[in-house]
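# Coordinates in review
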Amino acid sequence: MARVTIAQVAAAAGVSKATASRALNDHPDVGAGAVERVRAAARSLGFVPSASAVRLARGSQRTVGLLVSSLAWPWMLQVLGGVAAEAEARDFTLVLHTLSRGERSLTSFLHQVEGNAIDGIVAIEPPGGLTELTELHQRRGFPIVMIDYRVRRPRFPSVATTNERGGYDVARHLAETGARRIGVITGPPQYTFCAERDRGWRRALTEHGIDLRDDLVLRTDMSDRQSYDAAGELLAREPRLDAVLAVGDVVALAVLRRLRETGVRVPDDIAVVGFDDIPAAALAVPPLTTVRQPMYAMGQAAVRLLIDLIGGAAVPDEPLLTPTQLIVRESSARRGTRESVPAVE
């Protein structure tokens, strides 16, 4: 359904657009009769004022919110650092809100938004919160920028990374070290980044003449427990396995633990690679080959985009992409050297 405009409200009330806007924003220079006609027309038509129009009328608070499910995610502090640094550099206050109490936390945050205490939101998509965010963004015009989309929602502006290219680079690296019997531990297919990394792996392996067996591609919730179990399942399905592609570093670290407990040597028997380059990746035993996501830079880019939207800029048609970088460490370095290889667009 098309959104009702202020021009339609003004026409129905028999006043100008400027008068309709002033009446809806309680300006004292509009007569009581005109105010009542405008409000009645707005109610009748189902008019919902956009958040951007309200901010123009009432003034910006120069405050942005960062909405996340939890601070426990290994890369969250990198995102937070980038968001905070850019907000401070642009003279905006940052409000951090987690959803540790589920629906109650989200309701509390939305009350701040309703009270015009926040001008826009940077969000790492909260489970169960998309309905409310969609209502804010699409129907009310409230500026929201997503980081690292988990489920594709084309109408949200977002900042992402070159997931497919990163998947391609790390799989190509494995192929070039001589790996041929490769297992994959990935995540839910509806998560955009999982699907993109999957495509990158498959393209690189196909180019190198390697058949990725369907029975060696295991989907998990990416938790430590399921990743640990999946590593054991791969060993049971293919005793001659020589490499594991993990969709993320947390998954890869669980794989390393399972292989170590099983007596498998990494990388001499099986190479292991991850994705993200969380701080623990370099400290793993052996240090983990991975794909670096520039999470700090993504946080900065998200705030820059959000402030532009608050100022009235048009919503970009495509996500803003920051490039990945292949980081080669000991967990895959059976052949070749340890090096950092930037992604090529």
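For the structure, check the block above.
The following paragraphs examine the structure supplied in this document. Fair warning: this is a prediction, and the values are worked out from it, not measured in the lab. (Residues numbered from 1 in each chain as written. Predicted model: local features only at pLDDT ≥ 70, side-chain atom pairs only at ≥ 80, totals over all residues. Heavy atoms only, no water.)

What the chain contains, in helices and strands, is 13 helices and 13 strands. The 345 residues of the chain split such that 50% are buried. Long-range pairs, those at least 24 residues apart, make up 72% of the contacts in the chain with a sequence separation of at least 6. Of the accessible surface of the chain, which amounts to about 15,800 Å², a share of 51% is contributed by carbon and sulfur atoms. (Helix = DSSP H or I, 4+ residues; strand = E, 2+ residues; numbered from the N terminus. Buried < 20%, exposed > 50% of the residue type's maximum accessible area, 1.4 Å probe, protein only. Contact = heavy atoms within 4.5 Å. Areas by Shrake-Rupley, 256 points an atom, 1.4 Å probe, with all protein chains shown as cover.)

Taken in spatial order, the four strands of this open sheet run β7-β6-β8-β9, and their pairing is parallel. Each edge of the open sheet carries a strand with a single partner, namely β7 (217-219) and β9 (271-273). Taken over all neighbouring pairs, the strand axes of this sheet differ in orientation by 15 degrees on average, direction set aside. Direction of pairing for strand β8 (residues 243-246) relative to β9: parallel, over a ladder of three bridges. Bridging across to β9, Ala243 finds its partner in Ala271. Helix α8 (residues 163-176) contacts β8 and β9 of the sheet and is inclined by roughly 175 degrees relative to β8. On the sheet, helix α11 (residues 249-262) packs against β6 (182-186), β8 and β9 and is oriented at approximately 160 degrees with respect to β9. (Pairing = 2+ DSSP bridges. Axes fitted to C-alpha atoms, helices over the stretch in contact; angles between N-to-C directions.)

If you walk through the whole model with that rule in mind, you get one aromatic pair. Their ring planes at 35 degrees and their centres at 5.9 Å tell us that Tyr191 and Phe193 sit as a pair that is tilted. Overall, Tyr191 belongs to the partly exposed group, its relative accessible area being 22%. For Arg197, the ring lying beneath its charged end belongs to Phe275, and the centroid distance is 3.7 Å. (Phe/Tyr/Trp six-rings, centres within 6.5 Å; stacked < 30°, edge-to-face > 60°. Lys NZ or Arg CZ within 6 Å of the ring centre and 35° of its normal.)

A general feature of soluble globular proteins is that nonpolar side chains tend to end up buried together. In this structure, Ile185, Leu205, Leu245, Val255, Leu259, Ile270 and Val272 are the most contacted members of the largest nonpolar core, which totals 48 residues. Among the secondary structure elements, those contributing two or more residues to this core are α8, β6, α9 (192-207), β7, α10 (224-237), β8, α11 and β9. The residues touching Val255, leaving out its near neighbours within four places in the chain, are Ile185, Ser227, Ala231, Val244 and Val272. Among the nonpolar cores identified, the runner-up in size contains 26 residues, and Val68, Ile124, Ile278 and Leu305 belong to it. (Core = buried A, V, L, I, M, F, W, Y, C linked by side-chain atoms within 4.5 Å.)

With that settled, the discussion passes to helix α2 (residues 17-24). Given 3.6 residues per helical turn, the α-helix brings residues three or four places apart onto the same face. Residues Thr19, Ala20 and Ala23 constitute the buried set of α2. Along α2, the residues classed as buried sweep out an arc of 100 degrees about the axis, all on the same side. Along its buried surface, α2 packs onto α1 (6-13) and α3 (32-45). (Arc of directions from axis to C-beta.)

So, on to helix α5 (residues 76-89). In this model, α5 (14 residues) spans 20 Å end to end at C-alpha, consistent with the 20 Å of a helix rising 1.5 Å per residue. By the burial criterion, the buried members of α5 are Met76, Val79, Leu80, Gly82, Val83, Glu86 and Ala87. Along the axis of α5, the buried positions cluster into a sector of 165 degrees, meaning they face one direction only. Residues of α5 that are exposed and point more than 90 degrees away from the buried face comprise Leu77, Glu88 and Ala89. Buried residues along α5 sit in contact with β1 (63-68), β2 (93-98), β3 (120-123), β4 (144-147) and α13 (295-310). Looking one or two residues past α5, Asp91 carries a phi angle of roughly 65 degrees, positive in sign. (Expected span 1.5 Å × (residues − 1).)

Moving on: the pairing of β8. Along β8, one buried face is formed by Ala243 and Leu245 and the opposite face, lined by Val244 and Ala246, is buried too. Both β6 and β8 contribute to a ladder of four bridges, which runs parallel. Of the residues in β8, the one forming a bridge with Ile182 is Ala243. Running through α11, the crossover from β8 to the neighbouring parallel element β9 is right-handed. (Right-handed = clockwise from strand over helix to strand, strands pointing away.)

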